[in-house]
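Observations on the model geometry
Next come the chains, spelled out residue by residue.
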Amino acid sequence: MGIESYLPEGFVLTTTLEKLVGWARGNSVWPCTFGLACCAIEMMATSLAHYDIARFGSEVFRPSPRQSDLMIVAGTLTKKMSPMVKTIYEQISDPKWVIAMGACASCGGIFQTYAVVQGVDQVIPVDVYLPGCPPRPEGLLAALMKIQERAKNERFRDRPDIVTEEDIKKYCIQRNIPEKIEAAI
Amino acid sequence: MAKASEIIKLIQKKHKKAIIEAQEFRGDPIVIVKKDKLLEVCEFLQKEKKLLFNLLVDVTAVDFLPYKRKPRFDVVYILVSVDHDHRLILKTQVDEGEKVPSVYSLWKSANFPEREVYDMFGIEFEGHPDLRRILMWPGFEYYPLRKDFPVKGFDFDKKWDPETIRENVFKY
Ligand code: SF4
């Protein structure tokens, strides 16, 4: 049925584990269902039939951050919303990628005001910045392909265990989590 | 549908002393009343058969700081009568630090707009059931729509740390 039917019997493919895992990760980058402003409309358009993000294996917008790999920050990030965005980012399990979609998410855009964070990179690390107000769906697909490239060429050593014990302690102090739960983490 | 001049006349007949100024703008009446007579006038507007203003569309405010006017703020009420299909812009003047009587007891829809005015201008409403900030997070120190507040705020150039407001936002 698939590509294997074209292979002669007893055929063996060899590759490195890194490449195989990268290939699997890169072709099923599931985004988080998450939109903040007008850019989210464009993100929805990208996921529908006309632009068909399913061609890239990213059609499954997961409602739970624990099942997703990609966070598309689509829209204006207000200061009041920023703790939630950080929490969602932290809840996504590794490996994870972030696209800052639109001028607002990249640098604050037209909203140079007291209420808007001037770029989500102040809150969470960003992999791809996508300019435009709003960017066209083709733009989002291009950004997604950049993420795929990154995922496919990533080596295991590029992503070391980022969470050290010290990080956990810092996290617990920041959030006022008691020591007992700290042990459970 | 009553004409604007008729509406003004009706209010003037009953509450002559409460009115500071009354005018007409593009077919809609604008009436400025004294702050301490506000509730009386509002009740009259709502109950009077010929007026019957039964819908409060919005409550907002204007800051007259650049004009150095003495009661610094105008609180603006936009009223509509669904039955008679006419509208009225009701204003009252209030200075910094003074309180305005809440019209929540007459129109329940005053709840959120009054909270917004409190959040953005710092005008307090007396008798409001739940006067908290509505747009900004609790613990925000300024009133952003006042004219002496810079649009960019005071920490525009600094890096924003969401942890500083996390507790306030989640407790809300
Ligand atoms: S970049 Fe433009 S389209 Fe996107 S959220 Fe900002 S204002 Fe809206």
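Predicted model only: the values in this text are computed from it and were never measured.

1. Topic: the overall build of chain B
Per the secondary structure count, chain B includes 4 helices and 7 strands. Helices and strands appear in chain B in the N-to-C order α-β-β-α-β-β-β-β-α-β-α. The 172 residues of chain B split such that 43% are buried. Total accessible area on chain B stands at roughly 9,800 Å², and carbon and sulfur atoms take up 52% of it.

2. Concerning the nonpolar core
By size, the foremost hydrophobic cluster in this structure holds 60 residues, and its most contacted members are M71(A), I11(B), L45(B), Y77(B), L90(B) and I123(B). A total of 5 residues in this core trace back to one element, the largest contributor, which is helix 2 (residues 38–47) of chain B. Setting aside residues no more than four positions away along its own chain, I11(B) makes contact with K16(B), I19(B), V31(B), V41(B), F44(B), L45(B), L51(B) and L88(B). Counting 20 residues, the second largest nonpolar core, distinct from the first, contains C39(A), M43(A), I72(A) and L144(A).

3. Some thoughts on the pattern of salt bridges
With the rule as written, the count across this model stands at 18 salt bridges over all chains. The shortest N-O distance in the salt bridge between R155(A) and E18(A) comes to 3.9 Å. Pair noted here: R155(A) is in the loop between helix 5 (137–153) and helix 6 (165–175) and E18(A) is in helix 1 (residues 17–26), with a separation of 137 residues, a long-range link. Judged by relative accessible area, which is 41%, R155(A) ranks as partly exposed. For the salt bridge of R72(B) with D63(B), the shortest nitrogen-to-oxygen distance reads 2.9 Å. Each member of the pair, R72(B) as well as D63(B), is classed as buried. Three or more residues joined by partner-sharing salt bridges are found here, namely D63(B), R72(B), E96(B), R146(B) and D148(B).

4. Points about the interface of chain A and chain B
Contacts between the two partners involve 18 residues from chain A and, on the opposite side, 24 residues from chain B. Regarding the contact of chain A and chain B, the summed buried area is about 1,800 Å², with carbon and sulfur atoms giving 62% of it. Looking only at chain A, the three residues that lose the most surface to chain B are K79(A), K80(A) and Y114(A), adding up to 41% of its buried area. For the pair chain A and chain B, the number of links is 2 salt bridges.

5. Section: unusual backbone geometry
The amide bond that connects D94(A) to the next residue, P95(A), takes the cis arrangement and shows omega of -5 degrees. Position of P95(A) among the secondary structure elements: in the loop between helix 3 (82–91) and strand 2 (97–101). Even without being a glycine, D52(A) presents a positive backbone phi close to 55 degrees. Secondary-structure assignment places D52(A) in the loop between helix 2 (39–47) and strand 1 (70–74). We note that D85(B) has phi near 60 degrees; this positive angle belongs to a residue other than glycine. Here D85(B) is to be found in the loop between strand 4 (73–81) and strand 5 (86–94). Judged by relative accessible area, D85(B) falls into the exposed class, the value being 52%.

6. Focus: the pairing of strand 1 (residues 19–25) of chain B
Each regular strand carries side chains that alternate between the two faces of the sheet. All names here are of chain B. Looking at chain direction, strand 1 and strand 2 (residues 28–33) are connected through 6 bridges and run antiparallel. From the neighbouring strand, E24 faces strand 2, where its bridge partner is P29. Where strand 1 hands over to strand 2, the hairpin turn is made up of 2 residues, of which R26 adopts a positive phi near 50 degrees.

7. Observations regarding a nonpolar patch on the surface
Residues and elements named next belong to chain A. Nonpolar side chains collect at one region of the surface, where L17, L20, W23 and F156 lie side by side and expose about 450 Å² of accessible area between them. Structurally, L17 is set in helix 1. On the basis of relative accessibility, which here comes to 55%, the residue L17 falls in the exposed class.

8. Topic: the site of the ligand
All names here are of chain A. Around the ligand lies a shell formed by A37, C38, C39, G75, T76, G102, A103, C104, F111, G132, C133 and P134. Broken down by element, the shell around the ligand gets its largest block of residues, 3 residues, from helix 4 (residues 102–107). Residue composition of the shell around the ligand, grouped by class: 8 nonpolar, 4 polar and no charged.

Calculation notes
Residues numbered from 1 in each chain as written. Chains lettered and ligands numbered in written order. Predicted model: local features only at pLDDT ≥ 70, side-chain atom pairs only at ≥ 80, totals over all residues. Heavy atoms only, no water. Helix = DSSP H or I, 4+ residues; strand = E, 2+ residues; numbered from the N terminus. Buried < 20%, exposed > 50% of the residue type's maximum accessible area, 1.4 Å probe, protein only. Areas by Shrake-Rupley, 256 points an atom, 1.4 Å probe, with all protein chains shown as cover. Core = buried A, V, L, I, M, F, W, Y, C linked by side-chain atoms within 4.5 Å. Contact = heavy atoms within 4.5 Å. Salt bridge = Lys/Arg side-chain N within 4 Å of Asp/Glu carboxyl O. Buried area = accessible area lost by both parts, 1.4 Å probe. Pairing = 2+ DSSP bridges. Patch = residues over 30% accessible without salt bridge, like charges linked within 9 Å, V, L, I, M, F, W, Y side chains within 5 Å. Near = heavy atom within 4 Å. Nonpolar A, V, L, I, M, F, W, Y, C, P; charged D, E, K, R; others polar.

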